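Per-entry structural report
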Amino acid sequence: MKMITIAGGLALLGAFTASAHAQLLTHKDLSVTTAVTIAQTAVQTCKAQGYNVSANVLGRSGEVLVAMRGDDTGPHTLENSMKKAWTARAQRAPSVNFANAVKMNPTIGAIHLTNMVPAQGGLPIMVDGDVIGAVGVSGAPGGDKDEACAKAGLDKVAAELR
Amino acid sequence: MHKIRAARTEIGNGLRDVPIRTKQAPGLVRPQQEGHMPRTICSTMGISLCVMLGSAAAAQAQLLTHRDLSVATATTMAMAAIEACKSQGYNVSAHVLGREGQVVVAIRNPAAGFGTFENSMKKAYTARTTRAPSGKFAAAVKDNPNAAQFFLTNFVAAQGALPITVGNDVIGAIGISGAPGGDKDEACAKAGIDRVAAQLR
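Tallying secondary structure elements over chain B gives six helices and four strands in all. Secondary structure elements of chain B, listed N to C terminal, follow the sequence α-α-α-β-β-α-α-β-β-α. Going through the 201 residues of chain B one by one, you find that 36% of them count as buried.

Below, the structure written as structure tokens:
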């Protein structure tokens, strides 16, 4: 009996140690089809409104999953959509939040980091409160319109984001 | 002087994405602006000289007409290639580049090795700039490891990319990476092009 208790206690201890140090991280990440659907829906939604835009979908580490240059867009929109997405991913918030923060404090530290841009049009991609990536859109006349198209992309795959 | 003013006027009018290309013979046609009479140099020349200059201008100044990939066609092509490889059990990444080697669509497949994203771009770049399958460049490098182009940025001596052609005009390229063998990558690239063949004209 005593042996069993000790054994049980050791096993418990072992389990705790393992959970504290050795347990692997379990992540949900975007698949290629989901990412492409987000980008394509965003581009098409803006196109339907008469705006030619580019879109980027980034993954958990800010890596490019999909970069999509829209028809007849300005050449900078592909880069800008990436940076908006990067900003949203890094801040775990719509890139407009950072735009507002920079308005309040133009010397805010993060503005000096690579790829950060104070512009609306990037949204984080969330699964149960976890940010697994971001989508950025650029090219519409106004960041609010870019963001609306980004949101259309996310709405399209809402059922898959869980 | 007139040209500089015209350029300023265009920018002032908010024509942001219109590059100011004045390939016409200088001074032949002055831009109309600021209420100037649309005078041409012809008015100070004899008719025959004017006609001659006019035809020279036509030869030099005609704009180029290009067919280019739409984002819809490019995306269809890339996804068809990825799916073709997937159905054979290969996870691949894909790039579709346009006429100037610019990225039209770049798709990273998280299920493929992370080097495949970059490699698919470089294969496509190689196919676009050599106007030939990247496997051809790979073969050329095998024959001559010092092939000068091998040392240019984004060239890669690997099979798996094909130029996208309309008639004889190369309008872009598609590159695939991730399958066990460049021949398999290339087959998927071809499947992508075949999917949109009807649109490539």
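Back to the write-up after that little detour.
The next subject is helix α5 (residues 134-143) of chain B. Residue and element names in this part refer to chain B. Every buried residue of α5 is accounted for by Ser134, Gly135 and Phe137. One side of α5 carries all its buried residues, which in axial view fall inside an arc of 155 degrees. Residues of α5 that are exposed and angled more than 90 degrees away from the buried face: Ala139 and Asp143. Residues of α5 that are buried sit in contact with α4 (115-130), β3 (161-166) and α6 (182-195).

Before going further, it helps to examine the interface of chain B and chain A. Chain B puts 15 residues into the contact, and the matching count from chain A is 18 residues. For the side of chain B that touches chain A, the elements supplying multiple residues, two or more each, are α3 (71-87) and β2 (103-107) of chain B. Sort the elements by how many residues they give to the side of chain B that touches chain A and β2(B) lands first, with five residues. Residue classes in the side of chain B that touches chain A are distributed as nine nonpolar, four polar and two charged.

Scoring rules and cut-offs
- Residues numbered from 1 in each chain as written.
- Chains lettered and ligands numbered in written order.
- Predicted model: local features only at pLDDT ≥ 70, side-chain atom pairs only at ≥ 80, totals over all residues.
- Helix = DSSP H or I, 4+ residues; strand = E, 2+ residues; numbered from the N terminus.
- Buried ≥ 20, exposed ≤ 12 C-beta atoms within 10 Å, placed from the backbone.
- Arc of directions from axis to C-beta.
- Contact = placed C-beta atoms within 7 Å.
- Nonpolar A, V, L, I, M, F, W, Y, C, P; charged D, E, K, R; others polar.

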